[in-house]
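So the chains spell out like this:
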Amino acid sequence: MGFIPEEGKSLPPPGLVNRNSLWLAGVGWVSAVLHNAINHRPPVKSGVHRQFLLATIGWFIGYHVTKYENYTYARLDRDMNEYIKLHPEKFVPKEQKTFAEIVEPFHPVR
């Protein structure tokens with residue numbers, strides 16, 4: 001699809017089973033079942049071809065949404081790392097504190 005620029009095509013493809021594909025396939029299937037129920041047909045038994053079609057369309061859209069999401073997060077990570085490399089004075093490492101230095105001393109009240 002045309003939503004991802006050329007630089008995003010070098011990313012590895014997402015898995016076929018991902019959360020967006022599952023959710024949108026479920027939404028497609030439920031919409032077909034709901035349409036059957038509204039039209040007073042047996043909800044799950046009639047229009048199985050439409051249920052399969054809408055679930056497949058939802059799966060396809062979810063897959064491409066995941067590809068775009070991965071590209072967006074990769075671009076943001078690249079920009080953030082580039083900013084850190086350009087401005088190292090803003091990201092000096094802090095001294096490590098122990099847990100006892102962070103937490104206040106505990107005095108039980110009886």
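Refer to the structure printed above.
In what follows, the accompanying structure is described. (Residues numbered from 1 in each chain as written. Predicted model: local features only at pLDDT ≥ 70, side-chain atom pairs only at ≥ 80, totals over all residues. Heavy atoms only, no water.)

### Comments concerning the layout of surface pockets
Selection rule: The method works on a 1 Å grid over the protein atoms by themselves. A cavity is a set of points holding a 1.4 Å probe that cannot get out, a pocket is an open set with protein on both sides within 12 Å along at least five of seven lines, and residues with an atom within 4 Å of a point line them. Grid points are joined across faces, edges and corners, and a volume is the space filled by probe spheres set on the points.
Approximately 200 Å³ is the volume attributed to the largest pocket. Together, 13 residues line the largest pocket, and Ile4, Gly8, Lys9, His64 and Lys67 are the ones closest to its centre.

### Concerning helix α1 (residues 19-38)
Condition: Helix numbers and strand numbers start at the N terminus; a helix is a DSSP run of H or I with at least 4 residues, a strand a run of E with at least 2. In this scheme, a helix's expected span is set at 1.5 Å multiplied by one less than its residue total. Here the term buried applies to any residue with accessible area under 20% of the maximum for its type, exposed to any over 50%, and partly exposed to those in between, with areas from a 1.4 Å probe on protein chains only. Only heavy atoms matter for contacts: two residues are in contact if any of them lie within 4.5 Å across the pair. Polar contacts, as used here, are pairs of N or O atoms within 3.5 Å; protein pairs need one atom able to donate a hydrogen and one able to accept it. Residues neighboring in sequence count only if both atoms are side-chain atoms.
With 20 residues, α1 extends 28 Å between its outermost C-alpha atoms, agreeing within 8% with the 28 Å of an ideal straight helix rising 1.5 Å per residue. Residues Asn20, Ser21, Ala25, Gly28, Ala32, Val33 and Asn36 constitute the buried set of α1. Of the surrounding elements, those touching the buried residues of α1 are α2 (48-86). N-capping of α1 is provided by Asn18, with a side-chain oxygen placed 3.3 Å from the backbone N of Asn20. His40, located one to two residues past α1, shows a positive phi value of around 60°.

### With respect to the environment of Ala25
Relative to the assigned elements, Ala25 resides in helix α1. The contact partners of Ala25, leaving out residues within four places of it in the chain, are Ala55, Gly58 and Trp59.

### Topic: the environment of Thr56
Positionally, Thr56 belongs in helix α2. We classify Thr56 as partly exposed; its relative accessible area is 39%. It is 12 Å that separates the C-alpha atoms of Thr56 and Leu16, two residues lying 40 residues apart in sequence. For Thr56, the side chain forms a polar contact with the main-chain oxygen of Phe52, separated by 2.7 Å.

### Let's talk about the packing of aromatic side chains
Going by this rule: Between the rings of Phe, Tyr and Trp (Trp by its six-membered ring), a pair exists once the centres lie within 6.5 Å; its type follows the angle of the planes, with under 30 degrees stacked, over 60 edge-to-face, and the other angles tilted.
Tallied over the full model, the rule gives 2 aromatic pairs. Arranged with centres 6.4 Å apart and planes meeting at 50°, the rings of Tyr68 and Tyr71 form a pair that is tilted. Within this pair, Tyr68 and its partner Tyr71 are both found in helix α2, separated by 3 residues, close to a single helical turn. Given the relative accessible area of 39%, Tyr68 is considered partly exposed. Centre to centre, the rings of Tyr83 and Phe91 are 6.1 Å apart; their planes meet at 85°, and the pair counts as edge-to-face. The partly exposed category is assigned to Tyr83, whose relative accessible area is 36%. Among the residues examined, Phe91 registers a relative accessible area of 41% and is labelled partly exposed.

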